[in-house]
Amino acid sequence: MPVEPLSQKEVEDRLAELPGWSLDGDRLTRSYRLGSHFAATAMVVHIAQVQEELNHHSDLTLGYNTVSLSVHTHSAGGTVTEKDVELARRVEDLAPGHGAH
């Protein structure tokens, strides 16, 4: 089943529900700061598990004590879709458990 791109208004409406996330070109982006490299690494592993569950794999960057995501849907022409929003929501839900802010 094809995944449809969200309109600009739909993206803006979804972003209003995702504090800290923004639209950077054709991608949803967010960076988190954590208390240590170990905490950041643990969060990356947790995000990777969610990506596998959703079968939706974003760009994920690990820094010393930071985690950054850049999310869009390749199968929808590199645009933002509901799959991206769902991944962002799931990451927001797990972030506090890692002490991310």
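The sections below set out a description of the structure shown in this document. (Residues numbered from 1 in each chain as written. Predicted model: local features only at pLDDT ≥ 70, side-chain atom pairs only at ≥ 80, totals over all residues. Heavy atoms only, no water.)

Structural notes on the overall build of the protein
What counts is decided by this rule: Segments assigned H or I by DSSP are reported as helices when at least four residues long, segments assigned E as strands when at least two residues long, and all are numbered from the N terminus. Both definitions apply: the radius of gyration is a C-alpha atom measure, and the globule rule equals 2.2 Å times residues to the power 0.38. Contacts are assigned to residue pairs that have any heavy atoms within 4.5 Å of one another. All accessible areas in this document rest on Shrake-Rupley with a 1.4 Å probe, and a residue is counted as covered only by the protein chains that are shown. We treat Lys and Arg as the positive residues and Asp and Glu as the negative residues; His and chain ends play no part in the count. Positions of charges follow a simple convention, taking NZ of Lys, CZ of Arg, CG of Asp or CD of Glu.
From N to C terminus, the protein includes three helices and four strands. When the helices and strands of the protein are listed from N to C terminus, the series reads α-β-β-α-β-β-α. Here the C-alpha atoms of the protein give a radius of gyration of 13 Å, agreeing with the 13 Å that 2.2 N^0.38 yields for 101 residues. C-alpha extents for the protein along the principal axes are approximately 40 × 25 × 20 Å. Considering only contacts within the protein whose residues lie at least 6 apart along the sequence, 66% involve residues at least 24 apart. Accessible surface, the protein: about 5500 Å² in total, of which carbon and sulfur atoms supply 53%. Side-chain charges of the protein comprise 8 positive and 15 negative groups, with the mean position of each set lying 3 Å from the other.

Examining the pattern of salt bridges
Heads up, the condition is: Whenever Lys or Arg places a side-chain nitrogen within 4 Å of a carboxyl oxygen from Asp or Glu, that contact is recorded as a salt bridge. With a 1.4 Å probe rolled over the protein chains alone, any residue whose accessible area is under 20% of its type maximum counts as buried; one over 50% counts as exposed, and the rest are partly exposed.
One pass over the structure, following the stated rule, counts seven salt bridges. Between Glu82 and Arg14 there is a salt bridge; the shortest N-O distance is 2.4 Å. Of this pair, Glu82 sits in helix H3 (residues 82-94) while Arg14 is found in helix H1 (residues 8-16), placing the two residues 68 residues apart along the sequence. With relative accessibility at 19%, the residue Arg14 sits in the buried group.

So, the environment of Thr73
Worth spelling out the cut-off: Any pair of nitrogen or oxygen atoms within 3.5 Å is treated as a polar contact; in protein, a donor-acceptor pairing is required on top of that, and neighbouring residues in sequence qualify only through side-chain atoms on both sides.
Tracing the sequence through the fold places Thr73 in the loop between strand E4 (66-71) and H3. Residues Thr73 and His56, spaced 17 residues apart in sequence, show a C-alpha to C-alpha distance of 7.9 Å. Of the polar contacts made by the side chain of Thr73, one reaches the side chain of Asp84; its length is 2.9 Å.

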